[in-house]
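If you want the building blocks of each chain, they are given just below.
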Amino acid sequence: MLPDRAAASPEPGRAAAVLPPDTGKLAGESWMRVVVDLNRCQAYAQCCYAAPERFVLRGDEILVYDPAPPASDRAAVDRAVQACPVRAIRVEHEDAPTERPA
Amino acid sequence: MRDGTIVIAGASLAGLRGAEALRANGFTGRLVVVGDEPHPPYDRPPLSKHVLTGEIPPGATTLPGVGALRAEWRLGTPALGLDRDGRALHLADGGRVAFDRLLIATGARARPWPMPGEARLAGVHTLRSRDDATALAAGLAARPGRVLILGAGFIGCEAASSIRALGLPVTVVDPAPAPLAGALGSVIGGFVAGRMEAAGVDVRLGARVTHLEGDRAVRRARLEGGGTIEADLVVVALGAVRNTGWLAGAGLDADEGGLSCDGACRALDAAGRPVPGIFAAGDVARFPHPLYGNRPVALEHWGNAVAQAAHAARAMLDGPDSVEPYGELPAFWSSQFGLNIKSLGLTEGADAVAIVQGSPRTGRFLAVYGRAGRTVAAVSVNAGRWLPAYEGPIRDGALFPPITGGADQPRPEPMPPGLPAHEAA
Ligand SMILES: Cc1cc2nc3c(=O)[nH]c(=O)nc-3n(C[C@H](O)[C@H](O)[C@H](O)COP(=O)(O)OP(=O)(O)OC[C@H]3O[C@@H](n4cnc5c(N)ncnc54)[C@H](O)[C@@H]3O)c2cc1C
Ligand code: SF4
């Protein structure tokens, strides 16, 4: 989604759509899951400085973010989570195993 | 009660956040999440925004929290019925899941085009699910000659914005005098209409489409009173209906407007009595709002799904008497045509609106809505940081308009908000 979307390694969408929820990995790749509470977000843009490839402000105050950044971006995304003054960003790092129906 | 079996019907935002809250509050029993969609819970707001523009692939919207949740997932498996006395769900795969407590979080679906034969024409879309967005994006990739959007509510307007951003010709038709009139009134809606037109959208207000025509694929729409619009892709954005059909026969107070519940999120039976052990949250729930005279409301807000699901989880674990009546201040956002629109409170029934900060001329302003002299809602347009100051006045029902007398601001002049007299379509 963000400017370098095409360059960002494998297509997170495709992988996520075909994998069951207990599988976060495909051929050694994994993605974080990010959601921003945009009621809470005040467009302070701290996340955009911390992880400019994954968070951008558009217009005056529309935050656009990558909901599935590659795991290799973990440090930057964690910085964004910490930097947000209203704690609006939530991230899950790797899909952990879940119970499966018998 | 922190053990036994809890079943959640509906595997989306409210279902996931409810399940997480149950675990976070110490529920150690068996947790089963039943969802009719094949996908694990994902986020819908991006679908009409950055998914349609192609910036976010549909599959990238899976919500955080899915991976860590300790639950049994029954995805791609609709619940077909509720056996209230036998305390079990009937599933489409023939299975039966017994529960001690149930959370109903089956949300809403797009209201279909009323003529089924026309709705089946190729090129006619609705937008509610990830699969809808995928299909619509594929239709847009074929570069239709014109896209026609039926309905200028939030989803119709956001779709119009995204599709214009792709450079495609777009017409929006709505019988109301302004876009977003049902939620924001025609004063603020009129401002948005100006932005839509500036972006090149053909905005037809006060107009109604009566028929969609074409053989196999849609070709044109017929307007009331004569006239047609040629279009080879149509987005039907006529609002939502609640997914309560599967509860038929269970004796609950449920219809297309929602499943009634009380302040502890307990589902109500047809006589209005709370049903032990059965709870509801999210878009499907119709609940008495304590800030608005306990008027029953059913919201379609992301924030409500999150907060109400957490509330229901506490009531499920600690008992309905241990929680305050659910009274989260309604809040939502929308982004379209470069505008970030945020809202607090409920505008429904407001009899006045006043621009209290900024001005539509500068493209940044905050409008407050009043009802019988009290402040009931506030809406910011590209001015989100001004909004939190109005939370207190809305909660308190402060005199309208509140917070006057800013040194550099003229006295606000209240005017009629241009909201529909009855509930918005
Ligand atoms: C395109 C779009 C854009 C939006 N943008 C915004 C926004 O900008 N801001 C905002 O505040 N809100 C927005 N919303 C609203 C927000 O997404 C909803 O309020 C939220 O999704 C409600 O969550 P929910 O879990 O209650 O219901 P839903 O998300 O509707 O989920 C209900 C789930 O239950 C499933 N289900 C239904 N019947 C059954 C059955 N019988 N058995 C099993 N499963 C069943 C459904 O298929 C669905 O997966 C938007 C919604 C859409 C569609
Ligand atoms: S840092 Fe937080 S408040 Fe600021 S833009 Fe990012 S999410 Fe929004």
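Residues numbered from 1 in each chain as written. Chains lettered and ligands numbered in written order. Predicted model: local features only at pLDDT ≥ 70, side-chain atom pairs only at ≥ 80, totals over all residues. Heavy atoms only, no water.

By the naming in an unreviewed UniProt entry, chain B is Rhodocoxin reductase, taken from Methylobacterium frigidaeris. Word for word, the UniProt comment on chain B under Cofactor (unreviewed entry) is "FAD". (UniProt positions renumbered as here; feature names shortened; annotations may be inferred.)

An unreviewed UniProt entry lists chain A under the name Ferredoxin, from Methylobacterium frigidaeris.

A. Spatial organisation of the interface of chain A and chain B. In this assembly, 35 residues from chain A lie in contact with 43 residues from chain B. Taken together, the two surfaces of chain A and chain B that pack against each other cover about 3200 Å², and 54% of this comes from carbon and sulfur. Where chain A packs against chain B, one counts two salt bridges. A salt bridge links A:Arg58 to B:Glu55, with the shortest nitrogen-to-oxygen separation between them at 2.7 Å. Seen at the junction of chain A and chain B, the total is 16 residue pairs in polar contact (both at pLDDT 80 or more). Broken down by secondary-structure element, the contributors of at least two residues to the side of chain A that touches chain B are helix H1 (12-18), strand S3 (33-36), strand S5 (62-65) and strand S6 (89-92) of chain A. The residue makeup of the side of chain A that touches chain B, split by class, is 19 nonpolar, four polar and 12 charged. (Contact = heavy atoms within 4.5 Å. Buried area = accessible area lost by both parts, 1.4 Å probe. Salt bridge = Lys/Arg side-chain N within 4 Å of Asp/Glu carboxyl O. Polar contact = N/O pair within 3.5 Å; in protein donor to acceptor, adjacent residues only side chain to side chain. Helix = DSSP H or I, 4+ residues; strand = E, 2+ residues; numbered from the N terminus. Nonpolar A, V, L, I, M, F, W, Y, C, P; charged D, E, K, R; others polar.)

B. Spatial organisation of the domain arrangement of chain B. Residue and element names in this part refer to chain B. We note that the domain assignment places domain 1 (5-109 + 241-322), domain 2 (112-238) and domain 3 (338-425) within chain B. Taken over C-alpha atoms, the centre of domain 1 sits 30 Å from the centre of domain 2. Listed as interface residues are 19 residues of domain 1 and, on the opposing side, 16 residues of domain 2. With both chains or domains summed, domain 1 and domain 2 bury close to 1500 Å², and 57% of this area falls on carbon and sulfur atoms. Contact with domain 2 buries area across many residues of domain 1, yet His39, Ser48 and Leu52 alone supply 37% of it, more than any other trio. Scanning the region where domain 1 abuts domain 2 turns up two salt bridges. Two residues, Asp283 and Arg128, come together in a salt bridge whose shortest N-O distance is 2.9 Å. Where domain 1 packs against domain 2, one counts 13 residue pairs in polar contact (both at pLDDT 80 or more). (Domains from an automatic or database assignment.)

C. Broad picture of the pattern of salt bridges. Residue and element names in this part refer to chain B. In this structure the tally under the stated criterion is 25 salt bridges over all chains. A salt bridge links Glu72 to Arg30, with the nearest nitrogen and oxygen atoms 2.9 Å apart. Separated by 42 residues along the polypeptide, Glu72 in strand S3 (residues 72-74) and Arg30 in strand S2 (residues 30-34) bring together distant segments of the chain. Judged by relative accessible area, which is 10%, Glu72 ranks as buried. Here Arg30 falls in the partly exposed class, since its relative accessible area comes to 34%. In the salt-bridge network here, residues are joined through shared partners; they are Glu213, Arg220, Arg222 and Glu230. (Buried < 20%, exposed > 50% of the residue type's maximum accessible area, 1.4 Å probe, protein only.)

D. Layout of the site of ligand 1. Residue and element names in this part refer to chain B. Around ligand 1, the surrounding shell holds 31 residues, and the nearest of these are Ser12, Asp36, Glu37, Arg44 and Lys49. A distance of 2.5 Å separates an oxygen atom of ligand 1 from a polar atom in the side chain of Asp36. With respect to ligand 1, the backbone of Ala108 contributes an N or O atom lying 3.3 Å from an oxygen atom. Counting residues per element, the ones that place at least two in the shell around ligand 1 are helix H1 (13-24), helix H4 (154-165), helix H6 (302-318) and strand S24 (331-336). For the shell around ligand 1, a count of residues per class yields 14 nonpolar, nine polar and eight charged. Each of two domains, domain 1 (5-109 + 241-322) and domain 2 (112-238), supplies a minimum of three residues to the shell around ligand 1. (Near = heavy atom within 4 Å.)

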